[in-house]
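A look at the structure
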Amino acid sequence: MSGLRQIGLALATAAGLWMAGAAAQAQENVGPTECKDCHGAEYKVWEGTPHAESYKDIHKRDMADKVTEAVGERSMKRSETCGQCHYTQAPKKAGGRVGNNFGPSCESCHGPGSEYINIHNVYGPKGTKKEDETPLHKTQRYKEAAAAGMRWPRWRDDIPDMPASVNYEVAQNCFNCHGMARDSLDGDTAAKMLAAGHPLNPDFELVKYSQGQVRHRFYDSQTENKEMTPAELSRWFVTGQAASLVQAENAMKKTSDAKYVAAQKARASKAVAALKAVGMPEADALIAAPTADNARALVAKIYKGNMDLTGKVGSMLPSKSEYK
Ligand code: HEC
Ligand code: HEC
Ligand code: HEC
Ligand code: HEC
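Calculation rules
Residues numbered from 1 in each chain as written. Chains lettered and ligands numbered in written order. Predicted model: local features only at pLDDT ≥ 70, side-chain atom pairs only at ≥ 80, totals over all residues. Heavy atoms only, no water. Helix = DSSP H or I, 4+ residues; strand = E, 2+ residues; numbered from the N terminus. Rg over C-alpha atoms; globule rule 2.2 N^0.38 Å. Contact = heavy atoms within 4.5 Å. Areas by Shrake-Rupley, 256 points an atom, 1.4 Å probe, with all protein chains shown as cover. Lys, Arg positive; Asp, Glu negative; His and termini not counted. Charge placed at Lys NZ, Arg CZ, Asp CG, Glu CD. Near = heavy atom within 4 Å. Polar contact = N/O pair within 3.5 Å; in protein donor to acceptor, adjacent residues only side chain to side chain. Donors = N, O, S within 2.8 Å, 3.2 Å for Na, K, Ca; no water. Buried < 20%, exposed > 50% of the residue type's maximum accessible area, 1.4 Å probe, protein only. Phe/Tyr/Trp six-rings, centres within 6.5 Å; stacked < 30°, edge-to-face > 60°. Lys NZ or Arg CZ within 6 Å of the ring centre and 35° of its normal. Pairing = 2+ DSSP bridges. Tetrahedral: all angles 85-135°; square planar, octahedral: opposite > 155°, others 65-115°.

Along the protein, the regular secondary structure elements total 16 helices and two strands. Taking 2.2 N^0.38 as the reference for a compact globule, 324 residues should give roughly 20 Å; the C-alpha atoms of the protein span a radius of gyration of 20 Å, in line with that estimate. Long-range pairs, those at least 24 residues apart, make up 64% of the contacts in the protein with a sequence separation of at least 6. If you sum the accessible surface of the protein, you get close to 16,500 Å²; carbon and sulfur atoms cover 53% of it. Counting 42 positive and 38 negative side-chain charges, the protein places the averaged centre of each group 2 Å from the other.

Around ligand 2, 21 residues are found, and the nearest of them are Arg-61, Cys-82, Cys-85, His-86 and His-198. Between ligand 2 and His-86, the relevant distance is 2.8 Å, taken from a nitrogen atom to a side-chain nitrogen or oxygen of the residue. In this structure, Asn-201 approaches ligand 2 through a side-chain N or O atom, which is 3.0 Å from an oxygen atom. Elements with a minimum of two residues in the shell around ligand 2: α5 (62–70), α6 (80–86) and α9 (166–177).

We now examine the coordination of the iron atom of ligand 4. Listed as protein donors to the iron atom of ligand 4 are His-110 (NE2) and His-216 (NE2); their distances from the metal cover 2.0 Å. Classification of His-110 by relative accessible area gives partly exposed; the value is 24%. On the basis of relative accessibility, which here comes to 35%, the residue His-216 falls in the partly exposed class.

Enumeration according to the criterion identifies five aromatic pairs in this entry. With a centroid separation of 3.7 Å and 15 degrees between ring planes, the pair formed by Tyr-142 and Trp-152 is classed as stacked. Of this pair, Tyr-142 sits in helix α8 (residues 135–147) while Trp-152 sits in the loop between α8 and α9, and the two are ten residues apart along the sequence. With respect to burial, Tyr-142 and Trp-152 carry one shared label: buried. With 4.6 Å between their ring centres and 35 degrees between their planes, Phe-204 and Tyr-209 make a pair best called tilted. Exposure class is identical for Phe-204 and Tyr-209. Each is buried. Taken together, Phe-175, Phe-204 and Tyr-209 form an aromatic cluster joined through their ring pairs. For the cation-ring pair, Arg-154 lies above Tyr-219, with the distance from its terminal atom to the ring centre recorded as 3.6 Å.

The next thing to look at is the pairing of strand β1 (residues 88–91). One ladder, built from four bridges, connects β1 with strand β2 (residues 98–102); its direction is antiparallel. Within the sheet, the bridge partner assigned to Pro-91 lies in β2 and is Val-98. The turn linking β1 back onto β2 is made up of six residues, and Gly-95 within it adopts a positive phi angle of 90 degrees.

Right, let's talk about the coordination of the iron atom of ligand 1 for a bit. The protein atoms donating to the iron atom of ligand 1 are His-39 (NE2) and His-120 (NE2), with metal-donor distances spanning 2.0 Å. Coordination geometry of the iron atom of ligand 1: the six donor atoms subtend angles of 87 to 178 degrees at the metal centre, consistent with an arrangement described as octahedral. Taken together, the residues His-39 in the loop between α2 (33–36) and α3 (40–47) and His-120 in the loop between α7 (106–110) and α8 connect sequence positions 81 residues apart.

Printed below as a string of structure tokens:
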């Protein structure tokens, strides 16, 4: 443990380590069951979502075999291609064999847990309570957990050095699976999947998809699953558009397949329309050059400034009844 903490600390001094996965240790999934004891409320929410439930039957749906065959594989459940988005590669029980044993789960969004699970929740020397943690320790804990693979769920201004662009990484991660454009999926495979009928849902928008059944925002309460305020919704909406634009632009270069390119273009133009409405130099810079760094700069600006962008983008936000 102390060795691990040392490594984490040394790595955490370098820039950019707030992005999950930067450390040298092998980071593996432990599976959602390992998070359940301490995060019962979040587990309960997750259990009721298609992320968890699809595990039971998605491989039996009509299209599954067709899409699996199209990429030259036999079994969706055993496929590495499908596993990138449909499954969590983890042992069913601690010590068991690693396989596609769960649907997308805690670690698909928060990062593989093996190296941070015993760091992210430790407040100091054995027995230290949450309220007795020193500010210095808290900052180090946040950094070490990030260096060990944790994607913290939101930016907080009481952790010095935590870049406000952390929220971009959280949003961007949804688009790794939603949008058929993750880096590890090559263009040919994506095009074959599309041709075989796999959905590329261009309507995936962050507020609509994160504030319905997927929402878990308990934080210190464990009983109250808080809704976002209008200002929070406006920032999150813009963050989602920034992530969508960057990803769609990158995806277009993967292949010349007409159907795939057209779908990514449609996503990009939706995002550009939303970002134009923001009317900030950072948003205009992102439209002119849709890079991840430009997106981070915009997201950092709106969170650090605690901006309420409702006046700019409010009319584009989905209504509650549209939430998934
Ligand atoms: C032994 C108990 C325990 C286990 C097991 C555990 N956690 Fe935690 N987790 C905590 C505690 C306690 C906190 C609050 C830390 C704090 O006060 O900052 C926390 C915080 C978090 C947060 C951040 C909450 C925030 O306030 O920003 C996330 C995300 C999280 N855990 C995910 C996971 C995941 C994913 C797993 C499984 C891989 C897991 N945890 C396993 C105890 C645990
Ligand atoms: C890049 C991520 C990604 C990969 C890789 C991927 N899928 Fe999907 N798949 C998704 C997402 C996201 C959805 C849900 C789309 C939506 O409705 O928003 C989905 C939906 C599906 C559905 C349900 C369709 C429906 O309408 O009920 C099937 C079946 C499916 N995928 C099969 C596969 C198979 C088989 C593979 C492997 C050959 C695969 N997928 C690979 C992301 C992916
Ligand atoms: C590891 C890949 C992965 C990640 C990361 C991921 N999803 Fe999903 N999500 C899927 C797949 C696959 C499905 C389709 C399941 C099905 O068809 O039953 C899905 C389904 C959903 C659904 C249900 C859609 C419907 O039409 O019922 C919502 C809502 C959703 N995801 C929101 C999110 C949000 C918000 C994020 C980020 C915070 C996210 N997802 C991150 C893979 C992922
Ligand atoms: C689809 C992606 C996704 C999945 C799956 C997911 N989370 Fe989260 N989680 C998020 C996002 C996004 C937030 C940030 C919510 C916010 O602040 O708006 C979050 C916030 C949290 C928090 C802090 C808020 C709270 O409720 O206390 C904890 C702890 C947490 N998640 C644990 C878990 C655990 C444990 C699981 C699995 C049982 C899980 N999450 C599954 C995306 C996900």
